[in-house]
Amino acid sequence: MKDFDKSIAILGSTGSVGKQSVEIAKFHNLDVDLLMASSSVDDIENQARVLKPKVCVLTNKKAADVLKTKLSDTSVKVYGGEESAIALIEECQASVAINAVSGFAGLAPAIACARTGKRIAMSNKEAIVTAYKFLKDEIDKNNAELVPVDSEHSAIFQCLQGRAENSIKRIILTSSGGPFRGKRIDDLKNIKAEDALAHPTWKMGAKITIDSASLMNKGFEVIEAVRLFDVAPEKVCVVVHPQSIMHSAVEFADNSVIAQLGSPDMRTCIQYAITYPKREVSLAMPLDFSALMQLTFCEPDMDTFTLLPLAFYAAQEDGVIPAVLNAADEVAVQYFLNNKIGFTDIFEIVEKTVKEFKNIVNPSLDDIINADKEARIITNEHINKLI
C-alpha cells in the first residue's frame, strides 16, 4: 500500500477490532497519528513501540501516568483523561479514524471525528443505534464520511456501490445463529458465561460475543441498517447462515440479489473502510470455493431469542427507545459476565426496561444521554430485585 498516503487514528486500539486494526497498520506500514484506549497499559505500550504513533491517550488517567513512564524512552507523547481524548481526536491530523471504542462511550469520539471532517471507519455500533441523527448532522456539516466496519454493513455498503438506494427492496442481514442456534428457551436457562463466549465463527470481545449468542447483536445491526441505509424496519430481514461466508445481501426492486462473500475475517472490513474505494492485498485468507460443501440459510427463532424482535420494536418506535435498549443490554450483559444473573435473565430484564420506558419521539442529544443514564438505573433496579 505504498501509494496510500493517509494517516490513521485507532480509537479503542486494545479491543478486538482495535488489535486487528493494528495488524493492518503494521502489515501496510501505515502512518499512525493517534492510539487511544481505556486502561490497557501493556497492550498499548506494545502497540506504540511497533507503530510509533505521535500520541497515545488513555481515558484512565492513572493508567496514562504509568504508560507515560513506560514510554519515556520514546518520542511518543502520552495523555490521560476523557476530555484529553476528545481534544486529541479533534487535533490529530489523521484523515481516517477507526472507531473501535466499545459501548455508548463510542458516541463522543465519533462526533469528535465528524466535527473535524475525518473519515470514520465505524465499528462502534452504539453511536449509530442511539444517536445517528446527530452524528449524521455533524458528518454532513463538516464534509466528513462514515464507512461501516461491521461485516454485515460493510457487505451492504459494498453491494450498494453504483446502485440507487431507492431501488432497494430488502436488506438481508446474515447471522451465524451463535453458539445456541437450534436451542429452546428451557435449554438456555443454565447457560454460563464461558458457554456463551464460545462463538462458533467470529473472534470478538466479550460483550459483543454475548450479544451474538443472544441475537441482541443482530438486533442492533437491524437498527444500524435502518439508520445507515435509510430504510424502514420492515425492509430489513435477518437470515441465519451458520457458515458466515455470505456477509449480507441486498435484494433490489427487480428481485435480483447482490451479496458480498468472503472468509469470516474482520480485517477485510476494517481494511476496506480505510482504503475505500481502493482494494488492496489483505491479511485475510482467500475464499476456497472447492472447500465449501454447502451454504445453508434459515429463519431466526424469534420465539426463543426475544431480543431480536425487541430490536425491531425499538427501530419502529425510534426516539430514545434504541438508546434505552442499548443501555439496558450493556448493564444486563455485564451482570451475566460477572455470574450475577442467568443468560435468559438478560432477555427478561432488557425487555422490562424497554417496554416500561416513556419514549421521547423527537429527542435532543441531551434527551438521549439522559435516557441512557435513566435506563441504566432502571435496569439495575430490576436486577437488584432478581438477585
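Look up a bit, the structure's there.
For clarity, every value in this text was computed on a predicted model and none was experimentally measured.

Turning to the overall build of the protein, a few remarks are in order. Counting its secondary structure elements, the protein contains 15 helices and eleven strands. For 387 residues, the compact-globule formula gives about 21 Å, and the C-alpha radius of gyration of the protein, at 20 Å, lands near that figure. Projected onto the principal axes, the alpha-carbon positions of the protein cover approximately 55 × 50 × 40 Å. Looking at the protein as a whole, 56% of its 387 residues qualify as buried. Summarising the internal contacts of the protein: among those between residues at least 6 apart in sequence, 68% fall at separations of at least 24. Of the accessible surface of the protein, which amounts to about 17,200 Å², a share of 48% is contributed by carbon and sulfur atoms. Within the protein, one finds 42 positive and 52 negative side-chain charges whose respective centroids are separated by 3 Å.

Inspection of the entire model under this criterion finds zero disulfides. In this model C92 remains outside any disulfide bridge; the closest cysteine sulfur is found in C113, 7.1 Å from its own. A relative accessible area of 10% places C92 in the buried class. No disulfide involves C237; its sulfur sits 12 Å from that of C298, the nearest cysteine. Taking the relative accessible area as the measure of exposure, C237 reaches 16% and is therefore buried.

A few words now on unusual backbone geometry. In this structure, P277 follows Y276 across a cis peptide bond, with omega equal to 10°. At L215, a residue that is not glycine, the phi angle is positive and equals roughly 70°. Take L215: its relative accessible area is 5%, and that puts it in the buried class. Phi at N339 takes a positive value of approximately 60°, unusual for a residue other than glycine. Here N339 is to be found in the loop between α13 (321-337) and α14 (343-356). Residue N339 is classed as exposed on the basis of its relative accessible area of 58%.

Moving on to the nonpolar core. Counting residues in hydrophobic clusters, the biggest one holds 127 residues, and the most contacted among them are L135, L325, F343 and I346. Not counting the four nearest positions on each side in its chain, L325 is found in contact with M216, F220, I223, L310, A311, A314, V350 and V354. In this structure, I172, V239, M246 and A249 belong to the second largest nonpolar core, which totals five residues.

Parameters at a glance
Here the residue numbering is sequential within each chain, running from 1 through the sequence in written order. Selection of residues for local features in this predicted model requires a pLDDT of at least 70, selection of side-chain atom pairs for listing and counting requires 80 or more, and totals for whole chains, interfaces and linings are taken over all residues. Calculated side-chain values reflect all of the structure's heavy atoms, with hydrogen atoms and water omitted. Secondary structure elements are taken from DSSP: a helix is a run of H or I of four residues or more, a strand is a run of E of two residues or more, and numbering for both begins at the N terminus. Computation of the radius of gyration draws on C-alpha atoms alone. For the globule rule, the value is 2.2 Å times the number of residues to the power 0.38. Only protein chains enter the area calculation, which uses a 1.4 Å probe; residues under 20% of their type maximum are buried, those over 50% are exposed, and those in between are partly exposed. Contact definition: two residues touch when any of their heavy atoms are within 4.5 Å. Each accessible area value is a Shrake-Rupley result obtained with a 1.4 Å probe; residue values ignore everything except the protein chains displayed when judging cover. When charges are counted, Lys and Arg are positive and Asp and Glu negative, with His and the chain ends excluded. Charge positions are represented by NZ for Lys, CZ for Arg, CG for Asp and CD for Glu. Disulfides are defined as pairs of cysteine sulfur atoms found within 2.5 Å of each other. Among buried residues, the Ala, Val, Leu, Ile, Met, Phe, Trp, Tyr and Cys ones that are joined through side-chain atoms within 4.5 Å form a nonpolar core.

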